[in-house]
Amino acid sequence: MSDDEDIQVEGPNLAEDDPMRAFLPTSFGKKSKEADIAAQINRSKRTVNEPTASKPKPGDSDSNDSSDSDDDSDGSDDEDEHPTSHEMVIKTHDRAVTSLSLDPAGGRLVSGSIDCTVKLHDFSSLTPTTIRAFKSVDPYETKPSAANTESHPVHHVEFNPLAGGVFLCISAHPQAKIFSRDGDIVTQFVKGDMYLRDMNNTKGHVSEVTTGTWHPTDKNQCVTAGTDSTLRIWDINNKRSQKEVIVFKSKAAGAAGRTRMTAVAWGTPAQGGNNVLVSAALDGTLVMWGGNGPFTRPAGEIREAHKPNTWTGGIDISSDGRMVVTRGGDNLIKLWDTRKFKEPLVSVEHPSTSDHYPTTNIKYAPNSTSIITGSATGHLHILNPGNLRPEYTTLVTPGSPVITVDWHPKINQIITGSANAETHILYNPTMSTRGAVDVMSRAPKRRHIDDNPEFTTDQSLGLSGESILTPGALASRNAGVTASGKSKDPRRPHVPQQTPFLRSQPDEKHISQNIPLSKMLHEDPREALLKYADLAKKDPVFTKAWKDTQPVTQYADVSDEEEDGPEKKKVKR
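Quick look at the overall build of the protein now. The helix and strand tally for the protein stands at seven helices and 28 strands. In the protein, which comprises 573 residues, the share counted as buried stands at 41%. Sequence-distant contacts in the protein: of pairs separated by 6 or more residues, those separated by 24 or more amount to 50%.

Attention now moves to the sheet that holds strand β18 (residues 314-317). Strands sit in the order β18-β19-β20-β21 across an open sheet of four strands; the sheet is antiparallel. Two strands lie at the open edges of the sheet, namely β18 and β21 (346-349), each paired on one side alone. Averaged over all adjacent pairs, the angle separating strand axes in this sheet is 15°, with direction ignored. Examined bridge by bridge, β18 and strand β19 (residues 323-327) share four bridges and lie antiparallel to one another. Each bridged residue has a counterpart across the sheet, and for Ile-315 the counterpart in β19 is Thr-326.

Under the definition given, this model contains four aromatic pairs. Taking 5.6 Å as the distance between ring centres and 10° as the angle between the ring planes, the aromatic pair formed by Phe-167 and Phe-179 counts as stacked. Highlighted residues: Phe-167 in strand β7 (residues 166-171) and Phe-179 in strand β8 (residues 177-180), separated in sequence by 12 residues. Taking the centre distance of 4.4 Å and the plane angle of 20° together, the rings of Phe-189 and Trp-234 count as stacked. Separated by 45 residues along the polypeptide, Phe-189 in the loop between β9 (185-188) and β10 (209-214) and Trp-234 in strand β12 (residues 230-235) bring together distant segments of the chain. The two residues Phe-189 and Trp-234 agree in class, both being buried. In textbook terms, an aromatic cluster arises when at least three aromatic residues are bridged by ring pairs, as seen for Phe-159, Phe-167 and Phe-179. Above the ring of Tyr-140, the side-chain terminus of Lys-177 is found at 4.3 Å from the ring centroid.

Another aspect to go through is empty space enclosed by the protein. All told, the structure shown has one cavity of 30 Å³ or more when counted by the stated rule. Taken as a whole, the largest cavity encloses approximately 30 Å³ of empty space. Taken together, Ala-280, Ala-281, Gly-284, Thr-285, Leu-286, Ala-305, His-306 and Thr-312 make up the full set of residues lining the largest cavity. The residue inventory of the lining of the largest cavity, partitioned by class, reads four nonpolar, four polar and no charged.

In the predicted model, the protein carries a mean pLDDT of 80, and the fraction of residues at 70 or more is 75%. Contacts for the low-pLDDT stretch residues 54-75, under 50 throughout, to residues beyond four places or in other chains number 13 contacts. Here residues 458-467 scores under 50 on pLDDT; set against residues more than four positions off or in separate chains, the count is seven contacts.

We now examine the pattern of salt bridges. Pairing between side chains becomes possible if they bear opposite charge and their charged atoms approach one another. Scanning the entire structure with this criterion turns up nine salt bridges. With its nearest N and O atoms 3.5 Å apart, the salt bridge here joins Arg-46 to Glu-87. Here Arg-46, found in the loop between α1 (37-43) and α2 (68-81), pairs with Glu-87, found in strand β1 (residues 86-90); they are 41 residues apart in sequence, far enough to count as distant. Overall, the relative accessible area of 10% leaves Arg-46 in the buried class. For Asp-182, the salt bridge identified is with Arg-108, shortest N-O distance 2.9 Å. Of this pair, Asp-182 sits in the loop between β8 and β9 while Arg-108 is found in strand β3 (residues 108-113), placing the two residues 74 residues apart along the sequence.

The next thing to look at is the sheet that holds strand β22 (residues 362-364). Taken in spatial order, the four strands of this open sheet run β22-β23-β24-β25, and their pairing is antiparallel. Among the strands making up the open sheet, the edge pair consists of β22 and β25 (390-395). Each adjacent strand pair in this sheet contributes to an overall mean axis angle of 20°, direction not counted. Of the pairings in the sheet, the one linking strand β23 (residues 371-374) to strand β24 (residues 379-383) comprises four bridges and is antiparallel in character. Within β24, the residue paired with Ile-372 across the bridge is Ile-382.

This part is about the side chain of Ser-354. In this fold, Ser-354 is placed in the loop between β21 and β22. For Ser-354, the side chain forms a polar contact with the main-chain oxygen of Trp-311, separated by 3.0 Å. Reaching out from Ser-354, the side chain makes a polar contact with the side chain of Ser-352 at a distance of 3.0 Å. What Ser-354 contacts, discounting residues up to four positions off in sequence, is Trp-311, Gly-329 and Thr-360.

Moving on, we get to the pairing of strand β20 (residues 332-337). By the criterion of burial, β20 is predominantly enclosed, with six of the six residues buried. Across the two faces of β20 the burial is the same, with Leu-332, Lys-334 and Trp-336 and Ile-333, Leu-335 and Asp-337 all buried. Here β19 pairs with β20 via five bridges, running antiparallel. Looking at the pairing, Val-324 lines up with Trp-336 of β20. Hairpin connection between β19 and β20: a loop of four residues separates the two successive antiparallel strands, and Asn-331 in this loop has a positive phi of roughly 65°. Sheet topology note: the β20/β21 ladder contains four bridges and is antiparallel. Its bridge partner lying in β21, Ile-333 is registered against Val-348.

The rules behind each value
Residues numbered from 1 in each chain as written. Predicted model: local features only at pLDDT ≥ 70, side-chain atom pairs only at ≥ 80, totals over all residues. Heavy atoms only, no water. Helix = DSSP H or I, 4+ residues; strand = E, 2+ residues; numbered from the N terminus. Buried < 20%, exposed > 50% of the residue type's maximum accessible area, 1.4 Å probe, protein only. Contact = heavy atoms within 4.5 Å. Pairing = 2+ DSSP bridges. Axes fitted to C-alpha atoms, helices over the stretch in contact; angles between N-to-C directions. Phe/Tyr/Trp six-rings, centres within 6.5 Å; stacked < 30°, edge-to-face > 60°. Lys NZ or Arg CZ within 6 Å of the ring centre and 35° of its normal. 1 Å grid on protein atoms, 1.4 Å probe; cavity = no way out; pocket = protein on both sides within 12 Å on 5 of 7 lines; lining within 4 Å. Points joined across faces, edges and corners; volume = space filled by probe spheres on them. Nonpolar A, V, L, I, M, F, W, Y, C, P; charged D, E, K, R; others polar. pLDDT = per-residue confidence, 0-100. Salt bridge = Lys/Arg side-chain N within 4 Å of Asp/Glu carboxyl O. Polar contact = N/O pair within 3.5 Å; in protein donor to acceptor, adjacent residues only side chain to side chain.

As structure tokens, this is what we get:
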């Protein structure tokens with residue numbers, strides 16, 4: 001065989017669509033294990049079949065001139081204008097997501113749900129294959145093993161916009177809490193005396209807190225709204241009493257001067273100026289105060305701004321502090337001017353979901369260029385801030401209402417929470433930075449068989465050598481844990497946590513070694529006395545002095561003929 005001749009390697013003759021080709025190598029040598037970032041981001045691209053651009057009304061002047069090609073081009077332009085081309089889905093809750101918040105840097109996400117838990121997600125530790133919460137917190141779980149453990153649905157969570165180290169957590173409870181960014185309790189505000197009639201004399205809320213928000217310029221202050229018809233301004237460094245209490249007196253008939261405060265917003269002009277504090281009540285009233293006080297009398301009050309006895313859950317203030325947008329339970333979205341706080345500037349129809357999910361919100365986009373909100377059909381609506389007409393509509397969760405929305409100004413990403421327990425992060429690789437873009441750009445974590453909780457044994461349960469294993473007991477379909485850390489097996493007993501109190505308690509070995517006569521606690525007292533019976537008989541201690549003079553005990557002799565039992569009574573004749 002000469003060197004000029006080419007070496008021919010005979011390969012198997014397989015068809016192009018033969019499934020065996022998937023098992024054959026396509027090239028020789030060591031393959032590169034680098035992740036295809038472009039392919040990963042492309043896989044996260046949203047596929048929405050319906051047109052993304054909202055159709056104008058028949059009465060509009062440009063409706064007759066539009067064509068199908070124009071609609072398609074408008075849809076693509078709107079998709080490029082708003083960061084909604086790609087999405088990342090987070091499924092860590094068990095029930096509807098009621099509130100979402102990102103820290104000022106956009107690196108950490110906190111979410112609250114009606115499953116009574118708060119989930120914390122760190123984008124720096126997530127990969128496309130490991131999207132899970134690094135911590136799950138129950139704000140009011142005092143002790144897991146206690147019989148009277150409380151759990152309350154989470155109404156509102158919000159990071160401090162001026163200091164991302166803490167966030168405000170509000171549940172269906174009279175006491176709001178301040179948590180650190182790692183999920184540790186920093187402050188728990190006090191509960192007021194429920195037997196006091198005058199709310200000005202109470203130190204805290206006397207009934208359930210519905211919502212709250214942070215001060216726009218002071219990082220140490222926040223405000224909470226409650227069902228006791230009050231707004232309370234707190235200093236997070238003083239949990240014993242609120243800094244200010246604002247009592248709203250309802251003028252509705254039969255309300256006895258009280259109502260429930262359903263929403264609150266605290267804004268400040270970006271160019272500087274006075275703060276504005278706006279709140280909505282269950283009787284339909286919209287109230288405005290000067291954000292810097294005094295709070296004795298409101299600066300503006302609009303009665304029946306929305307239909308009475310409907311829950312107005314969404315309220316927000318524009319970046320210039322002049323406009324207020326509200327979303328009520330009467331299927332209306334209204335735009336108000338704080339300078340002429342009497343009548344709405346614009347009012348549009350929008351189906352409400354606050355009858356089922358009271359935390360349904362509405363938010364201004366960064367720089368107030370748009371207004372975003374969800375809908376009962378699962379769509380995300382981006383509205384014009386001037387006339388409230390839909391500029392862009394996209395489907396996020398089909399058939400499941402979108403409850404809460406937010407648009408982060410720094411990373412330029414939109415987060416949504418839906419009733420199907422899903423959190424969606426919408427982004428655009430060219431417009432958005434960090435956040436979900438970094439997560440989808442990382443290489444997937446190499447999966448190992450031990451990483452799958454379905455195939456691993458929970459070591460907290462343990463297996464002993466003498467234990468009886470019933471057939472099929474270990475091969476349970478409910479074995480393992482969920483992504484949120486909750487056991488899938490309903491029969492699994494709760495493992496008590498090793499608290500600092502239990503670690504400080506002395507154990508049995510310590511007691512037996514250091515405490516005298518501690519072994520007597522586990523002895524039978526009868527046996528302990530009887531073991532000294534022979535010794536007391538041979539060598540008595542107390543009766544030894546008159547041992548020789550002690551008389552001998554004499555007993556009467558009983559004959560066998562005598563009856564053992566008592567005499568029988570004579571029978572009367």
